[in-house]
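# Fold and geometry: a report
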Amino acid sequence: MARSAPEHRPGVAARLAAPGFLLPFIIFWSSLDRTIVLPLVPVVAEDLGSTLVAAGMAVTAHAIAYSALQLVWGPLSTRWGRVKVLWVTTAIAGVANLLNAAVPTMATFVVARTLSGGAFAAHFAAVLTYFGDTLPPERRHAAMSNLATASALGLGGGSLVAATLEQWFSWRWTYAGFGAVTLLLVPALMRLPQAGNHAEEDPLEQLRTIARSRWVLAIYGLVGLEGFLLIGVLNFLPVALQAYGGSVLVSGFVTMAYAVAVVLVSQGMKLFVARVRPQSLFLWAGVVGVGAFGVVLWRVDSVTVMVSALLVGTSWALAHTTLQTWMTAAGARARALGMTFFSISLMLGGAVGSAAGSFAAGHAGFPALFAVATGASLVFGLLAARGRAKYHDSVALS
């Protein structure tokens, strides 16, 4: 009896270069770029003979560029294709971080950080669009879970990595190493399989298509509310803890607790997500969000803030991956610009939430902030669950 040929299995290098690994890693790496600067702000200010306020401008400028430049990369991805946008922006970000390592003044540091933020702005929307273009609907939620995990690890680990490296190395070496690794990713991205031919896509027609879709606009509203709660208000949990007498050390672990919850829940969802209706995931996300903000409305101390961060991470994992999957279906014919505005809506919601948190911090208003967040979480869960229950794939833009 003839023996069957042994099954060919790709080597380690091929598996690392495959979209299923490489693209989540790119999301992790771009998320790391957003937080790696935070513990370095005082060190950079001192080394460059500047002020904390001026160094803080690097963080603000990075965030503004990250939000604004998405409006550039989205249309370009319809002209260049998803893969070219990814490798070109990664190359720009790599050069920007190498410049960060060599800057002589605070002004040039801010410029280099702005360039990096504007380049990395392309990544999330481009990766979401790539997976939407190349994966069948039944595989998209698992891919979104991997992206949520990658993003959470980057956001949660960036500050920790930078603070650890600063104990032994100059901040310039941190940026030099980060920039070098970023440039090493460019050849791998250039070899990614193309996600179809999108040269004929018309950005203006995509805008008209988005404007006519009540489902896409509804998703933007929901993701904006999600950003307000699970990004904006989350950012002020450490501030609230310190305002109520908590230690700086404990407050520093809040983001890490959030990241741990996102990783565990988003990966655990793979075990059951195919058997659970999306509207149920939204409803549970709302319930968990009520618990997250209700516990700090009741009392603010080290325990309740850590519990709140864990619950916020759980709610994010349940809600955001489900919103991403919904958006890839509802906006199929306008996916490039659709995912760009999805990301912008999230960031705008987060900015409004951060503004509300800043106002609360300056006016002893944390009880009011957490009361609003508790009610808004319930509203989010109910609206998202009801909308997803009424939605059918047949009414998508495709």
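On a predicted model such as this, the values are computed, not experimentally measured, just so you know.

## Considering the side chain of histidine 123
- As for its position among the elements, histidine 123 is in helix H7 (residues 106-134).
- Setting aside chain neighbours within four positions, we find histidine 123 in contact with Ile26, Ile27, Ser30, Leu86, Thr89 and Thr90.

## Let's talk about a nonpolar patch on the surface
- Residues Val95, Leu98, Leu99, Leu115 and Leu183 make up a contiguous nonpolar surface patch of roughly 370 Å² in combined accessible area.
- At three residues, the largest contribution of residues to the nonpolar patch is made by helix H6 (residues 82-102).
- Tracing the chain through its elements places leucine 99 in helix H6.
- A relative accessible area of 44% means that leucine 99 is categorised as partly exposed.

## Some thoughts on the packing of helix H15 (residues 278-298) against helix H18 (residues 366-390)
- At a closest axis distance of 8 Å, the pairing of H15 and H18 adopts a crossing angle of 175°. Compared by their axis directions, H15 and H18 come out roughly antiparallel.
- By residue class, the composition of the contact of H15 with H18 is 17 nonpolar, seven polar and one charged.

## Regarding the nonpolar core
- Ranked by size, the top nonpolar core spans 115 residues in total, and within it Phe109, Leu323, Trp326 and Phe370 carry the most contacts.
- Of all the elements, H7 adds the most residues to this core, at 15 residues.
- Setting aside anything within four residues of it in sequence, one finds phenylalanine 370 in contact with Val233, Leu237, Ala240, Phe293, Val296, Leu297 and Val300.

## Focus: the pattern of salt bridges
- Under the definition given, this model contains five salt bridges.
- Among the ionic pairs, arginine 113 bridges to aspartate 33, the shortest N-O distance being 3.2 Å. On the criterion of sequence distance, the pair formed by arginine 113 in helix H7 and aspartate 33 in helix H2 (residues 19-35) is long-range, its members being 80 residues apart.
- Between glutamate 205 and arginine 212 there is a salt bridge, with its nearest N and O atoms 3.4 Å apart.
- Take arginine 212: its relative accessible area is 59%, and that puts it in the exposed class.
- Taken together, the salt bridges that share partners define one network made up of Glu205, Arg208 and Arg212.

## Observations regarding unusual backbone geometry
- Positive phi, normally seen in glycine, also occurs at alanine 364, with a value near 50°.
- Since its relative accessible area comes to 71%, alanine 364 is described here as exposed.

## Some thoughts on the environment of glycine 20
- Here glycine 20 shows up in helix H2.
- With 111 residues separating them in the primary sequence, glycine 20 and phenylalanine 131 have C-alpha atoms 9.0 Å apart.

## Quick look at H7
- Taking 1.5 Å of rise per residue, 29 residues should cover 42 Å, and H7 covers 43 Å from first to last C-alpha, within 8% of that figure.
- At alanine 125, H7 shows its maximal kink, close to 25°.

## Looking at the packing of aromatic side chains
- Using the criterion set out here, one finds 16 aromatic pairs in the structure.
- Their ring planes at 45° and their centres at 5.7 Å tell us that phenylalanine 25 and phenylalanine 28 sit as a pair that is tilted. Residue phenylalanine 25 and its partner phenylalanine 28 are both found in helix H2; the two are separated by three residues, about one turn of the helix.
- Under the relative-accessibility criterion, phenylalanine 25 is labelled partly exposed at 24%.
- Where phenylalanine 28 meets tryptophan 29, the ring centres are 6.3 Å apart and the plane angle is 50°; that geometry is what we call tilted.
- Lying across the ring of tyrosine 66, arginine 34 places its NZ or CZ 4.9 Å from the centre.
- The ring centre of tryptophan 80 lies 4.9 Å from the NZ or CZ of lysine 84, which sits over that ring.

The rules behind each value
- Residues numbered from 1 in each chain as written.
- Predicted model: local features only at pLDDT ≥ 70, side-chain atom pairs only at ≥ 80, totals over all residues.
- Heavy atoms only, no water.
- Helix = DSSP H or I, 4+ residues; strand = E, 2+ residues; numbered from the N terminus.
- Contact = heavy atoms within 4.5 Å.
- Patch = residues over 30% accessible without salt bridge, like charges linked within 9 Å, V, L, I, M, F, W, Y side chains within 5 Å.
- Areas by Shrake-Rupley, 256 points an atom, 1.4 Å probe, with all protein chains shown as cover.
- Salt bridge = Lys/Arg side-chain N within 4 Å of Asp/Glu carboxyl O.
- Buried < 20%, exposed > 50% of the residue type's maximum accessible area, 1.4 Å probe, protein only.
- Axes fitted to C-alpha atoms, helices over the stretch in contact; angles between N-to-C directions.
- Parallel < 35°, antiparallel > 145°, perpendicular 65-115°, else oblique.
- Nonpolar A, V, L, I, M, F, W, Y, C, P; charged D, E, K, R; others polar.
- Core = buried A, V, L, I, M, F, W, Y, C linked by side-chain atoms within 4.5 Å.
- Expected span 1.5 Å × (residues − 1).
- Bend = angle between axes of the 7 residues up to and from the residue.
- Phe/Tyr/Trp six-rings, centres within 6.5 Å; stacked < 30°, edge-to-face > 60°.
- Lys NZ or Arg CZ within 6 Å of the ring centre and 35° of its normal.

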